[in-house]
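What follows is the residue order along each chain.
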Amino acid sequence: MKKIISTLALAAVLAPSANATVARIKALGNNEIDSEGSYYIQDNRNIFLNVANIHDYANSVILEFGKNGKVLTGDSSSNTTVDADTNPKAQGGFLKKHGNFVYGVYVGNESKTSTLLRVLSTSQAAVVAGASTNSSSSAGHLLNTSDNQVDLFFGWEAAGLKWGSNFLYTKSEDKESAQKEEDKAMAARFGVKAKNWDAHLNLSLASSAKETVTFTGSLAGLGSFEHEFDGKLGVHVGGAYHMGQNTFWAYYKTFKWDQKDGFNYTTGGTTLDAASSGSSARGKQGTSEGSFNTIQVGWGNTMTNGDGTLYTSVYFEKKDIEIKLAKTAEVGLTYVPVVLGYESKATDWLTLRGSIIHNLYGKKDNKNYDSINAVVAQLAAAEFGSQGKGSITNSTDVRAGASLNFGNLDIDGLIGATNNGSTISENGNLRLDQLLYRVGMTYKF
């Protein structure tokens, strides 16, 4: 993958601008876990929301700078990583127009949602096994996250409509180590765009991860076992209607999975508890069923005045996640955020942007974090709020970003990173010794 990314970067530099990257949509208030794009802001990330958008970004190279991503706390093998603003994954690709057709290749756009589901499906016994190996209460054998992802794009125009399709495939494995890890996924996207409306259907066709865990040290007597994530069919269907400056949209996303834990907590629970208090209460041998469902309905407005554009949106979202372990763990969120974003040309070579996000309404109903593994319990609290029923707290978020514009070449980034990896929204400091982070580049040829 590194060789492919390098080749794409060279192509961008040598080729004689689309202003769009993950940094841009985040700076304008996009809050989606996978940064899939927007229904009302024009941005090349929209190709991962509705693949028919490839027609609007044809003849371009897209690069997102980074490396391997952030290693999640709790992984002893450093194979469980997630894309993070201060430690992003490298990704990029190109789109090319030929007559009425558009085709392209994009690599490295691994899903953060898939990562979180694999961590959720990790056996609590595997977490304890890793902690024992690394003499750390937070280190574990987490299921591998997706790697080496390739997206293939193809679109066409017919009867006044723009059509798009995409096929995604990823696979990685390590059969030599004692852990014997493997991960794979496959998905397809379909989309169509008319003058005033667009629609999409995105399908997760296969997604799985498996690992063999061997206890060592003081727990060596517990032997080995397997744990596994087995994704079922996932559906993301949605669309938008455009009326002048206004856009109305709605989508529904659902996914189901099984997670399998081969550890026998009945015979090994006492020893396991001695190594990590409460571990057997979190574990369940056998197959457990999980699901998540998201509904979103929203309105957005784009108003341009001179060199500046004001983006306004408000939407309703309901998110429910459930996993049936010894006790059923649940995440239930209902919220109505309002987002105000603005960007403007400061000079011929500089564009500045920023946004503020605030929940007009936000309620959570999260249950039984003590039944999921200890690592994901911490992640769930950070991502979805603490356990319990009540208001979603600290919902106000302020972001800033900039683009350096050089003809057909744009370099985007977020503003506000400090040396310790914090962001401007966390500590209120603007550090000019690290001007931009989450850097991306687009080139229009």
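Note that residues are indexed from 1 along each chain, following the sequence as it is written. Restriction of local features to residues with pLDDT of at least 70 applies here, the model being predicted, together with a cutoff of 80 or more for giving and counting side-chain atom pairs; totals for whole chains, interfaces and linings are based on all residues. As a convention, hydrogens and water are excluded, and side-chain values are obtained from all of the structure's heavy atoms.

What follows deals with the overall build of the chain. Every helix listed is a DSSP run of H or I at least four residues long, and every strand listed is a run of E at least two residues long, numbered separately from the N terminus. When helices and strands are counted, the chain shows 8 helices and 19 strands. Residues counted as buried form 52% of the 445 residues belonging to the chain. Every accessible area reported is derived by Shrake-Rupley at a probe size of 1.4 Å, with residue values counting cover from the shown protein chains alone. For the chain, the exposed surface amounts to about 19,300 Å²; the carbon and sulfur share of it is 56%. Accessibility here uses a 1.4 Å probe with only protein chains present; expressed as a share of the type maximum, an area under 20% marks a residue as buried, one over 50% as exposed, and anything in between as partly exposed.

Pairing of aromatic rings covers Phe, Tyr and the six-membered ring of Trp, with a centre-to-centre limit of 6.5 Å; geometry is then stacked below 30 degrees between planes, edge-to-face above 60, and tilted otherwise. Counted according to the given criterion, the structure contains 16 aromatic pairs. Here F101 and F154 contribute two aromatic rings whose centre-to-centre distance is 5.7 Å and whose plane-to-plane angle is 25 degrees, an arrangement assigned as stacked. Pair noted here: F101 is in strand β5 (residues 101-107) and F154 is in strand β6 (residues 150-158), with a separation of 53 residues, a long-range link. Classification of F154 as partly exposed rests on a relative accessible area of 37%. Put simply, the rings of Y39, Y40, W249, Y251 and Y315 pair up and form one aromatic cluster.

The subject of this paragraph is unusual backbone geometry. One non-glycine residue with positive phi stands out, namely N148, at about 60 degrees. Positionally, N148 belongs in the loop between α4 (124-134) and β6. Accessibility expressed as a relative area gives 35% for N148, which makes it partly exposed. Despite not being glycine, N394 shows a phi value in the positive range, around 50 degrees. Residue position: N394 is located in the loop between β16 (388-391) and β17 (397-406).

Proximity of charged atoms lets side chains of opposite charge pair with each other. A pairing counts as a salt bridge when a side-chain nitrogen of Lys or Arg comes within 4 Å of a carboxyl oxygen of Asp or Glu. Counted according to the given criterion, the structure contains 20 salt bridges. Note that D43 and R24 form a salt bridge whose closest N and O atoms lie 3.0 Å from each other. Linking D43 in the loop between α2 (22-27) and β1 (60-68) with R24 in helix α2, this pair joins segments that are 19 residues apart in sequence. Among the residues examined, D43 registers a relative accessible area of 0% and is labelled buried. Here K253 ties to E36 by a salt bridge, and the two come within 3.3 Å at their closest N and O atoms. Placement of K253 in strand β11 (residues 246-261) and of E36 in the loop between α2 and β1 is noted, with a sequence separation of 217 residues between them. The residues K253 and E36 share a single accessibility class, namely buried.

Let's shift gears to the pairing of strand β9 (residues 197-214). Here 12 bridges tie strand β8 (residues 181-193) to β9, and the two strands are oriented antiparallel to one another. The residue bridging R189 from the neighbouring strand is N202, located in β9. Where β8 hands over to β9, the hairpin turn is made up of 3 residues, counted between the paired strands. Strand pairing is defined by DSSP finding a minimum of two bridges between the two strands. When β9 meets strand β10 (residues 224-243), the two strands line up antiparallel, connected through 16 bridges. Bridging across to β10, L203 finds its partner in V235.

It is worth spelling out the environment of G268 at this point. Within the secondary structure, G268 sits in helix α5 (residues 265-275). Under the relative-accessibility criterion, G268 is labelled buried at 3%. Considered as a pair, G268 and G221 are 47 residues apart in the sequence and their alpha carbons are 9.4 Å apart. Contact partners of G268, with chain neighbours within four places excluded, come to L222 and F263. Any two residues whose heavy atoms approach within 4.5 Å are treated as being in contact.

Within the fold, D230 resides in strand β10. Taking relative accessible area as the criterion, D230 reaches 19% and is therefore assigned buried. Each polar contact in these results corresponds to two N or O atoms within 3.5 Å; when the atoms are within protein, one needs to be able to donate a hydrogen and the other to accept it, and residues that are neighboring in sequence are counted only if both atoms are side-chain atoms. Polar side-chain contacts of D230 include one of 3.2 Å to the side chain of K232. Residues within four places of D230 in sequence aside, it is in contact with S207, S208, W257, D258 and K260.

One can find E317 in strand β13 (residues 308-324). Here Q296 takes part through its side chain, which lies 2.4 Å from a polar atom of the side chain of E317. Polar contacts involving the side chain of E317 include one to the side chain of K319, which spans 3.3 Å. Contact partners of E317, with chain neighbours within four places excluded, come to E32, Y251, T294, I295, Q296, L333, T334 and Y335.

Our focus in this paragraph is the nonpolar core. What we call a nonpolar core is a set of buried Ala, Val, Leu, Ile, Met, Phe, Trp, Tyr and Cys residues that are connected through their side-chain atoms within 4.5 Å. Ranked by size, the top nonpolar core spans 37 residues in total, and within it L117, L120, F229, W257, I323, I372 and F384 carry the most contacts. Counting residues per element, the ones that place at least two in this core are α3 (112-120), β10, β11, β13, β14 (328-347) and α7 (374-384). Broken down by element, this core gets its largest block of residues, 5 residues, from α7. With residues near it in sequence (within four places) discarded, I323 still touches L120, W257, Q259, S288, E289, G290, T328, A329 and I372.

In this section: a nonpolar patch on the surface. A surface patch of nonpolar side chains, about 560 Å² in accessible area, is lined by F190, L201, V237, Y252, I295, V297 and F316. Here Y252 shows up in strand β11. Y252 sits in the partly exposed class, given a relative accessible area of 33%. Patch criteria: residues need more than 30% relative accessible area and no salt bridge. Like-charged residues are merged within 9 Å; nonpolar side chains of Val, Leu, Ile, Met, Phe, Trp and Tyr are merged within 5 Å.

It is worth spelling out the confidence of the model for the chain at this point. Confidence along the chain averages 86 in pLDDT terms, with 85% of residues attaining 70 or more. Across the chain, β5 holds the top mean pLDDT of 98, while helix α1 (residues 2-14) sits lowest at 41. In predicted models, pLDDT denotes the confidence assigned by the predictor to each residue on a 0 to 100 scale. Counting interchain partners and residues more than four positions distant, the pLDDT-below-50 stretch residues 1-18 has 35 contacts. Confidence drops under a pLDDT of 50 for residues 418-425, and excluding neighbours within four residues, the segment shows 19 contacts in the predicted structure.

Those residues of α7 not exposed but buried are V375, V376, A377, A380 and F384. Capping the start of α7, N373 holds a side-chain oxygen 3.1 Å from the backbone nitrogen of V375, two or three residues further along. Looking at the residues trailing α7, positive phi occurs at G385, about 95 degrees.

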